[in-house]
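Here is how the chains run, residue by residue.
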Amino acid sequence: MSQLITEATAIRELQVGFSDVDLDDLRRRIKATRWPERETVDDDSQGVPLAVMQDLARYWATDYDWRTCEAKLNALPNFVTEIDGLDIHFIHVRSQHEDGLPLIVTHGWPGSIIEQLKIIGPLTDPTAHGAAASDAFHLVIPSLPGHGFSAKPTATGWDPARIARAWAVLMKRLGNDRFVAQGGDWGAAVTQQMGIQAPDGLLGIHSNMPGTAPAELVKGFETGEAPPSDLADDELAAYEQLSAFYAKHVAYAQIMSTRPQTMYGLADSPIDLAAFAIDHGDGTGQPGLIARILEGRLPGELTRDDILDNITLYWLTNTGVSAARLYWENKADFFDAKPITIPFAISVFPDELYQAPHSWAQRAYPDNLVHFNRLDRGGHFAAWEQPRLFCEEMRASFRSLRRSS
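This is a predicted model, so every value here is computed, not measured. (Residues numbered from 1 in each chain as written. Predicted model: local features only at pLDDT ≥ 70, side-chain atom pairs only at ≥ 80, totals over all residues. Heavy atoms only, no water.)

Asks: Hey, could you run me through the overall build of the chain in this one?
Replies: From N to C terminus, the chain includes 17 helices and 9 strands. The C-alpha atoms of the chain give a radius of gyration of 21 Å, which matches the 22 Å a tight globule of 405 residues would have. Once the C-alpha set of the chain is aligned to its principal axes, its extents read approximately 60 × 60 × 45 Å. Looking at the chain residue by residue over its 405 residues, the buried ones come to 58%. As displayed, the chain has an accessible area near 16,900 Å², and 49% of this comes from carbon and sulfur atoms. For the chain, the distance from the average position of its 35 positive side-chain charges to the average position of its 54 negative side-chain charges is 3 Å. (Helix = DSSP H or I, 4+ residues; strand = E, 2+ residues; numbered from the N terminus. Rg over C-alpha atoms; globule rule 2.2 N^0.38 Å. Buried < 20%, exposed > 50% of the residue type's maximum accessible area, 1.4 Å probe, protein only. Areas by Shrake-Rupley, 256 points an atom, 1.4 Å probe, with all protein chains shown as cover. Lys, Arg positive; Asp, Glu negative; His and termini not counted. Charge placed at Lys NZ, Arg CZ, Asp CG, Glu CD.)

Here it is, written out as structure tokens:
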């Protein structure tokens, strides 16, 4: 399939590089932080504890090395191309196995392309990671508009549906006549919009934060109504998780969805940016997994440097506020079942915001649920936390679609 390539649609290489002045300014600002008093409780019910943030600040200002992350990024093929008037950044790694399946993976907030770095090798070079050549993927990992190295929209309208359309253009521009898509968090919203739009060539989608809730339940868990009496045990657990999320853990989204421009601290204070991102939380609570890693209480593949790589990327690109505007743009629910009819694969990680019941998924997607699996570990940042399990889920999810394509 050939396309007319103009200057606007050209694909340009990107080299990541920030000056020593930028990094010195970051350290200076961290050291100059004016700290509040300690929280008046002995837990994290008032937010990220002062001790956690001060310990992080000491490490960030003295021992952390952004250049290590920068080198990892520059070891990968980074590109920019203009779509619908906006420059979109993406990593594009083709497998040595020519029959690899093209896969676009979309990050969320407060994440970035940093979340996906650990899955690139296993998915593009499966034989080096204990998998078969027939499971190879050609990977495309874009930065959402207003995030990372993508441009910041200067006008309204860049909601998940528009981003989904842009991703379809991107995959076609890269020469992919057949492809699949994956996402969690905002990536789930964008990927599920792709599923709704069903652009030509999209074989199927995968989500680790899928919309499965029956329409008649959504208002109830969003407003704190008591659950219906006829829910099965796993359905009741999911309903209660979602009720708790909307009652106690959604304040970060409410401020971004209503007053993103007011959050000037995200552009002026590295510590404000870090605390706000860390307080996002996950299915284990708020601040959740990230804070526990910073406290050294949770072993695994996600490290303190990983977390700081991600936050530092937000700082150096000054995308705290521009990323927040995606919440303002979005008008759709996250967790309700979607009108998706193309093949849909779902992985349920135990520490996600909610554990989607199989019954809800089957009811929502009776003819197109091609994969459903419950994992024994991992959470909201699945590709980051458990890259091996995540890659296994990608192979299993899309294996049948390779045969059908």
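Don't stop here, the text continues.
Asks: Explanation requested: the environment of Pro270 in the structure shown.
Replies: On the secondary structure map, Pro270 appears in helix H11 (residues 270–278). Residue classification places Pro270 among the buried positions, given a relative accessible area of 1%.

Asks: Even after reading the chapter, I still don't get the pairing of strand E6 (residues 179–183), so can you show me in this structure?
Replies: Residues in a regular strand project their side chains so that they alternate between the two faces of the sheet. With 5 of its 5 residues buried, E6 lies for the most part within the structure. Because side chains alternate across E6, one face comprises the buried residues Phe179, Ala181 and Gly183, and the other comprises Val180 and Gln182, equally buried. Sheet topology places strand E4 (residues 101–106) next to E6; 4 bridges connect them, and they run parallel. Considered in E6, the bridge of Thr106 is made with Gly183. Once the chain exits E6 it traverses helix H6 (residues 186–197) before rejoining the sheet at strand E7 (residues 202–207), and the crossover so formed is right-handed. (Pairing = 2+ DSSP bridges. Right-handed = clockwise from strand over helix to strand, strands pointing away.)

Asks: I keep staring at helix H7 (residues 215–223) and nothing clicks. Help me out?
Replies: Structural remark: α-helix, 3.6 residues per turn; residues separated by three or four positions point the same way. Taken residue by residue, H7 has Leu217, Val218, Gly220 and Phe221 as its buried positions. Buried residues along H7 sit against helix H8 (233–248) and helix H15 (358–364). Immediately beyond the C-terminal end of H7, within one or two residues, lies Gly224, with a positive phi of roughly 85 degrees. (Contact = heavy atoms within 4.5 Å.)

Asks: Explain unusual backbone geometry here, please?
Replies: Most peptide bonds adopt trans geometry, and most residues besides glycine take a negative phi value. A cis amide bond links Trp109 with the next residue in sequence, Pro110, at an omega value of 5 degrees. Structurally, Pro110 is set in the loop between E4 and helix H4 (117–124). Its identity as a non-glycine residue notwithstanding, Asn318 has a phi of 50 degrees, on the positive side. Looking at the element boundaries, Asn318 is found in the loop between helix H13 (304–317) and helix H14 (320–329).

Asks: Hey, could you run me through the pattern of salt bridges in this one?
Replies: Opposite charge on two side chains permits them to pair, given that their charged atoms come into close proximity. Going through the model one piece at a time under the given rule, you end up with 19 salt bridges. The salt bridge involving Asp24 is made with Arg27; its shortest N-O contact spans 3.0 Å. With Asp24 and Arg27 both in helix H1 (residues 20–31) and 3 residues apart, this pair spans about one turn of that helix. Taking the relative accessible area as the measure of exposure, Asp24 reaches 45% and is therefore partly exposed. A salt bridge links Arg363 to Glu216, with the shortest nitrogen-to-oxygen separation between them at 2.8 Å. Of this pair, Arg363 sits in helix H15 while Glu216 sits in helix H7, and the two are 147 residues apart along the sequence. (Salt bridge = Lys/Arg side-chain N within 4 Å of Asp/Glu carboxyl O.)

Asks: How should the sheet that holds strand E1 (residues 11–13) be read in this particular structure?
Replies: Sheet strands associate in pairs through backbone hydrogen bonding, adopting either a parallel or an antiparallel arrangement. The strand order across the open sheet formed by 9 strands is E1-E2-E3-E5-E4-E6-E7-E8-E9, and the pairing between neighbours is mixed. At either end of the open sheet lies a strand with only one pairing partner, and these are E1 and strand E9 (369–374). Going across the sheet, the axis of each strand differs from the next one's by a mean of 25 degrees, ignoring polarity. The sheet contact formed by strand E2 (residues 78–83) and strand E3 (residues 86–93) spans 6 bridges and is antiparallel. Bridging across to E3, Ile83 finds its partner in Leu86. (Axes fitted to C-alpha atoms, helices over the stretch in contact; angles between N-to-C directions.)

Asks: What should I look at first to understand empty space enclosed by the protein in this one?
Replies: Empty space among the atoms can be located by rolling a probe the size of a water molecule over them. For the structure shown, the criterion picks out 4 cavities of 30 Å³ or more. Considering only enclosed or pocket space, the largest cavity measures out at about 110 Å³ in volume. Residue lining of the largest cavity: 16 residues in total, with Glu115, Gln116, Gly184, Asn208 and His380 positioned closest to the centre. The set of elements that each furnish at least two residues to the lining of the largest cavity consists of E4, E6 and helix H16 (382–385). (1 Å grid on protein atoms, 1.4 Å probe; cavity = no way out; pocket = protein on both sides within 12 Å on 5 of 7 lines; lining within 4 Å. Points joined across faces, edges and corners; volume = space filled by probe spheres on them.)

Asks: Explain the packing of aromatic side chains to me, please; I cannot follow it from the model alone.
Replies: Centre distance and the angle of the planes are the two values used to describe a pair of aromatic rings. By the definition in use, this model includes 19 aromatic pairs. Seen in terms of ring centroids, Trp186 and Tyr327 are 4.8 Å apart; in terms of plane orientation they differ by 75 degrees. Their pairing is edge-to-face. With Trp186 in helix H6 and Tyr327 in helix H14, this residue pair connects regions lying 141 residues apart in the sequence. An identical accessibility class is assigned to Trp186 and Tyr327; each is buried. Of the aromatic side chains, those joined through ring pairs into one cluster are Trp109, Trp186, Phe221, Tyr239, Phe245, Tyr246, Tyr252, Phe276, Tyr327, Phe334, Phe335 and Tyr354. We note Arg304 situated over the ring of Tyr59; from NZ or CZ to the ring centre the distance is 3.7 Å. The ring of Trp328 has Lys331 sitting right over it, with the charged end atom 5.0 Å from the ring centre. (Phe/Tyr/Trp six-rings, centres within 6.5 Å; stacked < 30°, edge-to-face > 60°. Lys NZ or Arg CZ within 6 Å of the ring centre and 35° of its normal.)

Asks: When you look at the environment of Leu170 in this model, what are you seeing that I'm missing?
Replies: With respect to the helices, strands and loops of the structure, Leu170 is situated in helix H5 (residues 160–173). With a relative accessible area of 0%, Leu170 lands in the buried category. Considering only alpha carbons, one finds Leu170 and Leu76, 94 residues apart in sequence, at a separation of 18 Å. The contacts of Leu170, once residues within four sequence positions are left out, are Thr81, Ile83, Phe90, Ile104, Val140 and Pro142.

Asks: Could you clarify how one ought to interpret the state of the cysteines in this entry?
Replies: Note: disulfide means a covalent bond formed between the sulfur atoms of two cysteine side chains. Applying the stated criterion across every chain, the model contains 0 disulfides. Looking at the unpaired Cys69, the closest cysteine sulfur is the one in Cys391, lying at 18 Å. (Disulfide = S-S within 2.5 Å.)

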